[in-house]
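# Summary of the model geometry
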Amino acid sequence: EYRVDGSHAAALGTSLKDATDTRSHLTTADLQAQRVIFDGLRAEFPGLALVGEEDEADSDGGAGAAALADPASWYPDAAPVRADPDGAAFSAADLPAEYGHVTAEELVVFVDPVDGTREFVEGRLGAVQTLIGVSW
């Protein structure tokens, strides 16, 4: 079994969600990724119900939100993330016409910002992804 030393985990801002479960890692990346995803979805789709794995990181000011810096400060030289090379972000106008009648209030979006946090902490990035599910 592969294990990382404590200094590597500490560098990622790692804590345990459950102090009795060494597989329940929570990192700064989990909190920051959920915040960015939630803020982006809320900006584009007001009224959208969001459920995140890191509930305390909810950008409405949950306990984890206090620990987060302004996203622009994380990588100040990085260009803003865009959905396509032309710089156009995804919007409601991109939805298929057959779903044009569906409102944001009818949807629930489930977010796991870093699925595979344990693998992330261990440096096995090929087993890490972001999961976003939409329920209508």
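Now for a look at the structure at hand.

Okay, helix H2 (residues 28-44) next. Structurally, the α-helix is built with 3.6 residues per turn, so residues lying three or four positions apart point the same way. Look at H2: 24 Å from first C-alpha to last across 17 residues, which is about the 24 Å you get at 1.5 Å a residue. Of all the residues in H2, the buried ones are Asp30, Leu31, Gln32, Gln34, Arg35, Ile37, Phe38 and Leu41.

Quick look at the nonpolar core now. Judged by nonpolar contacts, Ile37, Phe38, Leu41, Phe45, Leu48, Leu50, Val102, Ala104, Leu107, Val109 and Val111 together constitute the single largest core of eleven residues. Considering every element that reaches this core, the biggest residue donor is H2, with three residues.

Attention now moves to the pattern of salt bridges. Summed over all chains, the structure comprises six salt bridges. A salt bridge links Glu122 to Arg118; its shortest N-O distance comes to 3.2 Å. The class of Arg118 is partly exposed, set by a relative accessible area of 26%. With a closest N to O distance of 3.8 Å, Glu119 and Arg124 form a salt bridge. Assessed through its relative accessible area of 38%, Arg124 is described here as partly exposed.

Moving on: the pairing of strand S4 (residues 108-115). As judged from the four bridges shared by strand S3 (residues 49-52) and S4, these two strands associate in the parallel manner. Bridge pairing in S4 places Gly52 opposite Val111. Sheet topology places S4 next to strand S5 (residues 129-135); six bridges connect them, and they run antiparallel. Following the sheet pairing, Asp115 is matched in S5 by Gln129.

The strand order across the open sheet built from three strands is S3-S4-S5, with neighbouring strands paired in mixed fashion. Of all the strands in the sheet, just S3 and S5 have a single pairing partner and so form its edges. Put simply, the sheet's adjacent strands are angled 20° from each other on average, direction ignored. Where H2 meets the sheet, it contacts S3, S4 and S5, and its direction lies at approximately 150° from that of S4.

Among the secondary structure elements, Glu54 is positioned in the loop between S3 and helix H3 (71-74). Only 3.1 Å separates the side chain of Glu54 from the side chain of Lys17, close enough to count as a polar contact. In this structure, Glu54 is in contact with Lys17, Leu26, Asp30, Leu31, Gln34 and Pro113, ignoring residues within four places of it in sequence.

Mapped onto the elements of the fold, Phe38 is located in helix H2. Separated by ten residues in sequence, Phe38 and Leu48 place their C-alpha atoms 9.7 Å apart.

Criteria and thresholds
Residues numbered from 1 in each chain as written. Predicted model: local features only at pLDDT ≥ 70, side-chain atom pairs only at ≥ 80, totals over all residues. Heavy atoms only, no water. Helix = DSSP H or I, 4+ residues; strand = E, 2+ residues; numbered from the N terminus. Expected span 1.5 Å × (residues − 1). Buried < 20%, exposed > 50% of the residue type's maximum accessible area, 1.4 Å probe, protein only. Core = buried A, V, L, I, M, F, W, Y, C linked by side-chain atoms within 4.5 Å. Salt bridge = Lys/Arg side-chain N within 4 Å of Asp/Glu carboxyl O. Pairing = 2+ DSSP bridges. Axes fitted to C-alpha atoms, helices over the stretch in contact; angles between N-to-C directions. Contact = heavy atoms within 4.5 Å. Polar contact = N/O pair within 3.5 Å; in protein donor to acceptor, adjacent residues only side chain to side chain.

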